[in-house]
Amino acid sequence: MNRPRNDNFLRALLRQPTDYTPVWLMRQAGRYLPEYGETRKRAGSFLQLCKSPAFSCEVTLQPLARYRLDAAILFSDILTVPDAMGLGLYFSESEGPRFERPLREEWAIRDLAVPDPGEHLRYVMDAVAEIRRALAGAVPLIGFAGSPFTLACYMVEGGAGNEFARIRTMLHERPDLVHRILSINAEAVIRYLNAQIESGAQAVMLFDSWGGCLSAAAYREFSLAYTQRVVAGLLREKDGQRVPSIVFARGGGPWLEAIAACGCDALGLDWTIDIGAARRRVGEQVALQGNLDPCALLASPEAIVREARAVLDSFGPSDTGHVFNLGHGVPRFTPPEHVAVLVDEVHDYSGRRRGK
Ligand code: CP3
């Protein structure tokens with residue numbers, strides 16, 4: 001069976017009617033949940049957690065056991081792809097993700113090759129299949145990857161610091177080398193996401209977390225052009241069901257119209273843009289996902305209810321085209337009971353407005 005029992009999320013992405021506004025949260029599985037910390041300890045490290053299909057499945061399901069979420073997201077990381085290219089991913093407690101062998105030399109960039117997802121990323125495909133079995137058709141499973149540009153930021157910088165000045169310098173000095181990296185990344189991401197779809201992912205999301213650090217012209221040339229290439233290469237259907245695609249464009253506010261035209265089904269918004277204004281600009285072309293400020297989850301339950309309603313009110317009364325989410329990931333120190341307040345309010349308030 002390919003159609004989940006609760007398919008409100010998939011319907012909203014395709015701008016079809018839903019019972020209420022579906023909701024899931026970026027980083028819904030993670031450090032704010034004590035049970036995540038326990039599983040991570042058993043696994044040994046974050047990376048070992050990602051590389052074990054059984055642990056990845058366990059962690060994916062943890063937030064679903066607590067909250068009435070309308071989708072599950074594969075527990076993994078965007079940096080598994082450059083790791084599979086041989087860059088040597090590791091996580092440092094203080095600095096976050098790092099690569100042992102960042103792309104600094106021309107020869108290394110020339111040598112870069114597209115990894116076979118069935119081989120070097122087999123553990124991700126096994127996790128997807130295991131999670132689908134465990135979900136047993138309850139809610140849809142989202143697969144994901146980083147955008148070619150966002151991956152390149154980490155691959156060239158070797159980590160997250162310095163506002164990615166190295167790649168932003170390289171694209172002025174040696175645009176040919178940056179295009180070479182981006183072409184390889186685009187092909188790698190297409191193959192990786194299609195393998196996730198073949199393994200059971202029912203929607204896919206592309207995280208362009210850092211495209212927003214570019215100038216308008218560079219954004220089009222180095223970020224959007226390759227996002228577009230990826231979207232064009234994705235499988236559209238699996239077992240007769242549409243597999244919708246979401247592009248999360250952090251900092252993409254200035255260029256929403258251009259991103260909405262890239263071929264994706266939905267646009268993920270950060271919290272800096274008013275979702276009603278975004279809807280007026282692109283809501284006829286794509287569904288919208290977002291966009292509560294994640295820090296609202298750190299405030300009181302009364303504030304969470306008020307802010308959730310403000311996002312729903314701004315989107316406007318409608319039963320199509322909105323997936324509620326945060327504008328970025330769940331903050332690390334979020335009290336877990338605050339997430340329940342948010343999820344329940346989105347369902348109750350949006351359902352009431354629809355007379356359900
Ligand atoms: O959303 C989910 O629940 C699915 C899992 C998921 C993770 N990372 C788990 C994770 C997803 C979809 C990602 C995507 C990701 N990873 C992005 C794009 C989204 C964004 O945040 O902009 C990026 C840029 C990364 C790279 C990455 N991974 C960073 C910068 C960090 C360290 C910073 C941080 O937030 O901890 C990670 C580690 C990471 N990825 C953790 C989790 C749960 C924390 C690991 C831990 O300490 O246990």
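Whatever comes next refers back to the structure up there.
First, a word on scope: everything that follows refers to the structure included in this document.

### Concerning the overall build of the chain
- A count of helical and extended segments in the chain gives 15 helices and 11 strands.
- For 356 residues, the compact-globule estimate of 2.2 N^0.38 gives 21 Å, and the C-alpha radius of gyration of the chain, at 19 Å, lies within 12% of that figure.
- Dimensions of the chain, computed from C-alpha atoms along their principal axes, come out at roughly 60 × 45 × 45 Å.
- Going through the 356 residues of the chain one by one, you find that 59% of them count as buried.
- Of all intrachain contacts in the chain linking residues separated by at least 6 positions in sequence, the fraction that spans at least 24 positions is 73%.
- Here the chain contributes 40 positively and 42 negatively charged side chains, and the mean placements of these two sets differ by 2 Å.

### Re the layout of surface pockets
- In this structure, the largest pocket occupies an estimated 1300 Å³ of space.
- Forming the walls of the largest pocket are 39 residues, and the residues nearest its centre are Arg 27, Arg 31, Phe 46, Asp 77 and Phe 91.
- The leading source of residues in the lining of the largest pocket is strand E2 (residues 89–92), at 3 residues.
- Each residue belonging to the lining of the largest pocket can be placed in one class, and the counts come to 22 nonpolar, 10 polar and 7 charged.

### Here we look at the environment of Gly 283
- Mapped onto the secondary structure, Gly 283 falls in the loop between helix H13 (275–282) and strand E10 (287–292).
- According to the relative accessible area criterion, Gly 283 is buried, its value standing at 15%.
- Counting along the chain gives 205 residues from Gly 283 to Ile 78, while the straight-line C-alpha distance between them is 28 Å.
- With residues near it in sequence (within four places) discarded, Gly 283 still touches Arg 15 and Ala 278.

### Topic: the site of the ligand
- In the vicinity of the ligand there are 22 residues, among which Arg 27, Arg 31, Tyr 36, Arg 40 and Ser 209 approach most closely.
- The backbone of Ala 29 places a nitrogen or oxygen atom 3.5 Å from an oxygen atom of the ligand.
- In isolation the ligand exposes 870 Å². Once the protein is present, 87% of that is buried.
- Among the cavities detected, the one that contains the ligand is the largest pocket.

### Remarks on the packing of aromatic side chains
- Scanning the model with the defined rule gives 8 aromatic pairs in all.
- Arranged with centres 5.2 Å apart and planes meeting at 75 degrees, the rings of Tyr 154 and Phe 164 form a pair that is edge-to-face. With Tyr 154 in helix H8 (residues 148–157) and Phe 164 in the loop between H8 and helix H9 (165–173), this residue pair connects regions lying 10 residues apart in the sequence.
- Here Phe 164 falls in the buried class, since its relative accessible area comes to 1%.
- Geometrically, the ring pair formed by Phe 164 and Trp 210 is tilted, given 5.1 Å between the ring centres and 55 degrees between the ring planes. Of the two residues, Phe 164 is situated in the loop between H8 and H9 and Trp 210 in the loop between strand E5 (203–208) and helix H11 (216–233); the sequence distance between them amounts to 46 residues.
- Here the aromatic residues Tyr 36, Phe 46, Phe 75 and Phe 91 are joined through ring pairs into a cluster of three or more.
- We note Arg 250 situated over the ring of Trp 210; from NZ or CZ to the ring centre the distance is 4.8 Å.
- The residue whose ring lies beneath Arg 279 is Phe 315, and the NZ or CZ to ring-centre distance is 4.2 Å.

### Focus on the state of the cysteines
- Scanning the model with the defined rule gives 0 disulfides in all.
- Lacking any disulfide linkage, Cys 153 is separated from the closest cysteine sulfur, that of Cys 213, by 5.1 Å.
- Residue class for Cys 153 comes out buried when judged on its relative accessible area of 0%.
- Looking at Cys 264, it has no disulfide partner, and the nearest cysteine sulfur is the one in Cys 262, 3.7 Å off.

### With respect to the nonpolar core
- The biggest cluster of nonpolar side chains holds 129 residues, and the ones touching the most others in it are Phe 9, Leu 267 and Leu 342.
- With 13 residues, helix H10 (residues 175–199) is the largest single contributor of residues to this core.
- Phe 9 has contacts with Pro 22, Trp 24, Asp 70, Ala 71, Pro 140, Ile 142, Ala 203, Ile 246, Gln 289 and Val 323, leaving out every residue within four places of it along the chain.

### Looking at the pattern of salt bridges
- A complete count under the given rule lists 24 salt bridges for this structure.
- In this structure, Arg 281 and Glu 257 form a salt bridge, with 2.7 Å as the shortest nitrogen-oxygen distance. Remark: Glu 257 occurs in helix H12 (residues 256–260) and Arg 281 occurs in helix H13; sequence separation between them is 24 residues.
- A salt bridge links Arg 309 to Glu 345, with the nearest nitrogen and oxygen atoms 2.6 Å apart. In this pair, Arg 309 sits in helix H14 (residues 301–315) while Glu 345 sits in helix H15 (residues 336–353), placing the two residues 36 residues apart along the sequence.
- Arg 309 gets classed as partly exposed once you look at its relative accessible area, which sits at 30%.

### Focus: the sheet that holds strand E4 (residues 141–146)
- The 7 strands lie next to each other as E1-E4-E5-E8-E9-E10-E11, forming an open sheet whose pairing is parallel. Edge positions in the sheet fall to strand E1 (72–73) and strand E11 (322–326), since each of these pairs with one other strand and no more.
- Across 3 bridges, the pairing between strand E8 (residues 245–249) and strand E9 (residues 266–268) is parallel. Bridge assignment links Phe 248 to a residue of E9, and that residue is Gly 268.
- H13 contacts E9, E10 and E11 of the sheet and is inclined by roughly 165 degrees relative to E10.

Cut-offs applied
- Residues numbered from 1 in each chain as written.
- Predicted model: local features only at pLDDT ≥ 70, side-chain atom pairs only at ≥ 80, totals over all residues.
- Heavy atoms only, no water.
- Helix = DSSP H or I, 4+ residues; strand = E, 2+ residues; numbered from the N terminus.
- Rg over C-alpha atoms; globule rule 2.2 N^0.38 Å.
- Buried < 20%, exposed > 50% of the residue type's maximum accessible area, 1.4 Å probe, protein only.
- Contact = heavy atoms within 4.5 Å.
- Lys, Arg positive; Asp, Glu negative; His and termini not counted.
- Charge placed at Lys NZ, Arg CZ, Asp CG, Glu CD.
- 1 Å grid on protein atoms, 1.4 Å probe; cavity = no way out; pocket = protein on both sides within 12 Å on 5 of 7 lines; lining within 4 Å.
- Points joined across faces, edges and corners; volume = space filled by probe spheres on them.
- Nonpolar A, V, L, I, M, F, W, Y, C, P; charged D, E, K, R; others polar.
- Near = heavy atom within 4 Å.
- Polar contact = N/O pair within 3.5 Å; in protein donor to acceptor, adjacent residues only side chain to side chain.
- Areas by Shrake-Rupley, 256 points an atom, 1.4 Å probe, with all protein chains shown as cover.
- Sits in = over half its atoms within 2 Å of the grid points.
- Phe/Tyr/Trp six-rings, centres within 6.5 Å; stacked < 30°, edge-to-face > 60°.
- Lys NZ or Arg CZ within 6 Å of the ring centre and 35° of its normal.
- Disulfide = S-S within 2.5 Å.
- Core = buried A, V, L, I, M, F, W, Y, C linked by side-chain atoms within 4.5 Å.
- Salt bridge = Lys/Arg side-chain N within 4 Å of Asp/Glu carboxyl O.
- Pairing = 2+ DSSP bridges.
- Axes fitted to C-alpha atoms, helices over the stretch in contact; angles between N-to-C directions.

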